[in-house]
Amino acid sequence: MNRYETPRVPGEARIRYLDADFQILSPGTFVRCAVTGQSIPLDELKYWSVARQEAYVDATSALARYRENGDTA
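A brief report on the enclosed structure follows. Values in this document were obtained by computation on a predicted structure and should not be read as measured data.

### Comments concerning the overall build of the protein
Here is step 1 of the chain: Counting its secondary structure elements, the protein contains one helix and six strands.
Here is step 2 of the chain: For the protein, the succession of helices and strands along the chain, N to C, is β-β-β-β-β-β-α.
Here is step 3 of the chain: Going through the 73 residues of the protein one by one, you find that 27% of them count as buried.
Here is step 4 of the chain: Taken as a whole, the protein presents about 4700 Å² of accessible surface, with 47% of it coming from carbon and sulfur.

Printed below as a string of structure tokens:
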């Protein structure tokens, strides 16, 4: 199932993040940013970490988490 086949069930989805795609484990309409806590609609989800299995609202948040974990850009 990809993001366009997702049933519209209100609430937070559980996602398995893959390389260049994601798999919906529990249906929902959004996920939360691991850095800011903001809701991210599934059709707008563009940034995530496969290694950490977490989503980010934007590139700035993804970079902040990357640096927070001692990685260098």
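Now, onward.
### Structural notes on the packing of aromatic side chains
Here is step 1 of the chain: Under the criterion given, the structure shown has two aromatic pairs.
Here is step 2 of the chain: Centroid distance F22 to W48: 5.5 Å. Interplanar angle 90°. Geometry classified as edge-to-face. Of the two residues, F22 is situated in strand β2 (residues 21-26) and W48 in strand β5 (residues 47-49); the sequence distance between them amounts to 26 residues. Of the two residues, F22 and W48, neither departs from the other in class, the shared state being buried.
Here is step 3 of the chain: An aromatic cluster is present here, built from Y17, F22 and W48 joined pairwise through their rings.

### Here's the deal with the pattern of salt bridges
Side-chain pairing between opposite charges can occur once the charged atoms of the two side chains come close.
Here is step 1 of the chain: All chains considered together, the criterion is met by three salt bridges.
Here is step 2 of the chain: The residue R65 makes a salt bridge to E54 at a minimum N-O spacing of 2.8 Å. In this pair, R65 sits in helix α1 (residues 59-68) while E54 sits in strand β6 (residues 54-56), placing the two residues 11 residues apart along the sequence. The burial state of R65 is the same as that of E54; both residues are buried.
Here is step 3 of the chain: Members of the salt-bridge network, linked through shared partners, are E54, R65 and E68.

### Observations regarding the pairing of β2
Here is step 1 of the chain: Where strand β1 (residues 14-18) meets β2, five bridges bridge the pair, whose relative direction is antiparallel. Each bridged residue has a counterpart across the sheet, and for R16 the counterpart in β2 is Q23.
Here is step 2 of the chain: Here β1 hands over to β2 after two residues, with A20 in that stretch at a positive phi of 65°.

### With respect to the nonpolar core
Here is step 1 of the chain: Counting 13 residues, the largest nonpolar core has I15, Y17, F22, V31 and L45 as its most contacted members.
Here is step 2 of the chain: Residue assignment for this core shows that the elements contributing at least two residues are β1, β2 and β6.
Here is step 3 of the chain: The contacts of I15, once residues within four sequence positions are left out, are F22, Q23, I24, L25, V31, L42 and Q53.

### Notes on the environment of L18
Here is step 1 of the chain: Structurally, L18 is set in strand β1.
Here is step 2 of the chain: For the pair formed by L18 and S49, sequence separation is 31 residues and the distance between their alpha carbons is 8.4 Å.
Here is step 3 of the chain: If we skip the residues at most four places from it in the chain, L18 touches Q23, W48 and V50.

The rules we used
For every chain, the first residue of the written sequence is number 1, and numbering continues from 1 onward in sequence order. A pLDDT threshold of at least 70 governs which residues receive local features in this predicted model, and a stricter bar of 80 or more applies before side-chain atom pairs are shown or counted, although totals over entire chains, interfaces and linings include all residues. Side-chain numbers here rest on the full set of heavy atoms in the structure, without hydrogens or water. Per the convention used, a helix needs a DSSP run of H or I reaching at least four residues, while a strand needs a run of E reaching at least two, with both numbered from the N terminus. Burial classification: accessible surface area is computed with a 1.4 Å probe over protein chains only, and a residue below 20% of its type maximum counts as buried, one above 50% as exposed, and the rest as partly exposed. Only the protein chains shown count as covering a residue, and every accessible area follows the Shrake-Rupley method with a 1.4 Å probe. Only the six-membered ring of Trp is used, alongside the rings of Phe and Tyr, when aromatic pairs are assigned; centres must lie within 6.5 Å, and planes under 30 degrees apart are stacked while those over 60 apart are edge-to-face, with the rest tilted. Salt bridge, as applied in this entry: a Lys or Arg side-chain nitrogen positioned within 4 Å of an Asp or Glu carboxyl oxygen. Here a strand pair is declared whenever DSSP counts at least two bridges between the two strands. The nonpolar core is taken to be a set of buried Ala, Val, Leu, Ile, Met, Phe, Trp, Tyr and Cys residues, with the residues joined through side-chain atoms within 4.5 Å. When checking whether two residues touch, look at their non-hydrogen atoms; a contact exists if any pair is within 4.5 Å.

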